[in-house]
Amino acid sequence: SDVYFHNLIGVSPELALIAENGAGFALLMPLAMAFVSVSRGLLTFKRNTRPQALAMLLELATLTMVLVIGTAFGFPGVSSAAIGMTAALIIEAIFLWLVLRQTQARSQPVLQTAD
């Protein structure tokens, strides 16, 4: 990150520190977003789209809550935004994972054994 922030884009050391912290908090975002995208696709394929709207509402509520808390306590905006986005995507991913588990459990045929 030092090479990128200092040498390539040439930001001040103070700004680089804030940006490095934000980037560190955002490390899980790509993984969470990939999981959310795959989960949305699977639910859409199964024509179960209502939980996606609820998941997005949870994501928005989580992001809003983290940003309000970050602002109230005076945390740097970059870090607050990175934490908020990461937390929001993780919450959405967990919710969609639970919905997918329920959907798969309902669609599994019950095996009956002969008496």
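Everything below is about the structure shown above.
Scope of this entry: the structure provided in the associated data block.

1. Describing the nonpolar core
Core analysis: the largest hydrophobic core is formed by 9 residues, namely Ala32, Val36, Leu43, Ala55, Leu89, Ala93, Leu96, Val99 and Leu100. For this core, the secondary-structure elements that each account for two or more residues are α3 (29–45) and α5 (77–107). With 5 residues, α5 is the largest single contributor of residues to this core.

2. Overview of a nonpolar patch on the surface
A contiguous nonpolar patch, built from Val3, Tyr4, Leu8 and Ile9 and spanning about 420 Å² of accessible area, is present on the exposed surface. Tracing the backbone shows Tyr4 in helix α1 (residues 2–8).

3. As for the packing of helix α2 (residues 13–25) against α5
Viewed as axis vectors pointing N to C, α2 and α5 meet at an angle of 5°, and their least axial separation amounts to 8 Å. In terms of orientation, α2 lies roughly parallel with respect to α5. Every residue of α5 that contacts α2 at Ile18, Asn21, Gly22 and Phe25 is listed here: Val78, Ser79, Ala82, Ile83 and Thr86. Residue composition of the contact of α2 with α5, by class: 5 nonpolar, 4 polar and no charged.

4. Digging into the pattern of salt bridges
Scanning the model with the defined rule gives 2 salt bridges in all. Across the salt bridge formed by Arg40 and Glu59, the nearest N and O atoms sit 3.8 Å from each other. Note that Arg40 is positioned in helix α3 and Glu59 in helix α4 (residues 50–72), a separation of 19 residues in sequence. Put simply, Glu92 and Arg40 hold a salt bridge, and the shortest N to O gap is 2.6 Å. Of this pair, Glu92 sits in helix α5 while Arg40 sits in helix α3, placing them 52 residues apart in sequence. The network of salt bridges with shared partners includes Arg40, Glu59 and Glu92.

How each quantity is defined
Residues numbered from 1 in each chain as written. Predicted model: local features only at pLDDT ≥ 70, side-chain atom pairs only at ≥ 80, totals over all residues. Heavy atoms only, no water. Core = buried A, V, L, I, M, F, W, Y, C linked by side-chain atoms within 4.5 Å. Buried < 20%, exposed > 50% of the residue type's maximum accessible area, 1.4 Å probe, protein only. Helix = DSSP H or I, 4+ residues; strand = E, 2+ residues; numbered from the N terminus. Patch = residues over 30% accessible without salt bridge, like charges linked within 9 Å, V, L, I, M, F, W, Y side chains within 5 Å. Areas by Shrake-Rupley, 256 points an atom, 1.4 Å probe, with all protein chains shown as cover. Salt bridge = Lys/Arg side-chain N within 4 Å of Asp/Glu carboxyl O. Axes fitted to C-alpha atoms, helices over the stretch in contact; angles between N-to-C directions. Parallel < 35°, antiparallel > 145°, perpendicular 65-115°, else oblique. Contact = heavy atoms within 4.5 Å. Nonpolar A, V, L, I, M, F, W, Y, C, P; charged D, E, K, R; others polar.

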